[in-house]
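# Structure assessment
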Amino acid sequence: MSRVDLKPLPEFASDEEAERFVDEADLTEYDLSGFHPVRLIETAPVDLPRTLVDRLGERAAVAGISRDRYIASLLEEHLAAAPK
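Each value, and the rule that gives it
Residues numbered from 1 in each chain as written. Predicted model: local features only at pLDDT ≥ 70, side-chain atom pairs only at ≥ 80, totals over all residues. Heavy atoms only, no water. Helix = DSSP H or I, 4+ residues; strand = E, 2+ residues; numbered from the N terminus. Rg over C-alpha atoms; globule rule 2.2 N^0.38 Å. Buried < 20%, exposed > 50% of the residue type's maximum accessible area, 1.4 Å probe, protein only. Areas by Shrake-Rupley, 256 points an atom, 1.4 Å probe, with all protein chains shown as cover. Lys, Arg positive; Asp, Glu negative; His and termini not counted. Charge placed at Lys NZ, Arg CZ, Asp CG, Glu CD. Patch = residues over 30% accessible without salt bridge, like charges linked within 9 Å, V, L, I, M, F, W, Y side chains within 5 Å. Salt bridge = Lys/Arg side-chain N within 4 Å of Asp/Glu carboxyl O. pLDDT = per-residue confidence, 0-100. Phe/Tyr/Trp six-rings, centres within 6.5 Å; stacked < 30°, edge-to-face > 60°.

### Quick notes on the overall build of the protein chain
In terms of regular secondary structure, the protein chain is built from 3 helices and 0 strands. Going residue by residue from the N terminus, the α and β elements of the protein chain occur as α-α-α. Relative to the 2.2 N^0.38 estimate, which gives 12 Å for 84 residues, the radius of gyration of the protein chain is 17 Å and therefore markedly larger than a compact globule would have. Taking the principal axes of its C-alpha atoms as reference, the protein chain extends roughly 50 × 30 × 25 Å. Within the protein chain, the fraction of its 84 residues that count as buried is 12%. As displayed, the protein chain has an accessible area near 7500 Å², and 57% of this comes from carbon and sulfur atoms. Averaging the locations of the 10 positively and 18 negatively charged side chains of the protein chain gives two centres separated by 7 Å.

This is the structure in structure tokens:
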């Protein structure tokens, strides 16, 4: 299959939906040329109050993503909006 014949990846509403797609789809049919490796960096633990951790987990569940991904997205949004 040539690159021209490859399908674009669909949009996903949640991490779970994306994981299900990856588990079930034949990825050789999709154009993955826009992907690049991502290296996650482990950081030192951050102490957060249990109530805050619980609230973050609740919000992440509503968003359909993991708590860690939700926290990362909050930090990304905050840093993008902050003056340089």
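Anyway, onward from the coordinates.
### A word on a negative patch on the surface
On the surface, Glu16, Glu19, Asp23 and Glu24 cluster together into a negatively charged patch. By secondary structure assignment, the location of Glu16 is in helix H1 (residues 15-24). Given a relative accessible area of 42%, Glu16 falls into the partly exposed group.

### With respect to the confidence of the model for the protein chain
Averaged over every residue, the pLDDT of the protein chain is 88; the share at 70 or more is 96%. Looking over the protein chain, one finds the lowest element-wise mean pLDDT in H1, namely 88, and the highest in helix H2 (residues 50-63), namely 94.

### Some thoughts on the environment of Val62
By the secondary structure assignment, Val62 is in helix H2. Residue classification places Val62 among the exposed residues on the basis of a relative accessible area of 76%. Through-space distance from the C-alpha of Val62 to that of Ala72 is 16 Å; in sequence the pair is 10 residues apart.

### Things to note about a nonpolar patch on the surface
A grouping of Val22, Leu27, Leu32 and Phe35 is seen on the molecular surface, where their side chains present a nonpolar patch of about 350 Å² in accessible area. One can find Leu32 in the loop between H1 and H2. Assessed through its relative accessible area of 37%, Leu32 is described here as partly exposed.

### Here we look at the packing of aromatic side chains
Applying the stated rule across the entire model yields 2 aromatic pairs. On the basis of an interplanar angle of 80 degrees and a centroid distance of 5.1 Å, the ring pair of Phe21 and Tyr30 is categorised as edge-to-face. For the pair Phe21 and Tyr30, one class covers both residues: buried. Three or more aromatic residues joined by ring pairs make a cluster, and in this case those are Phe12, Phe21 and Tyr30.

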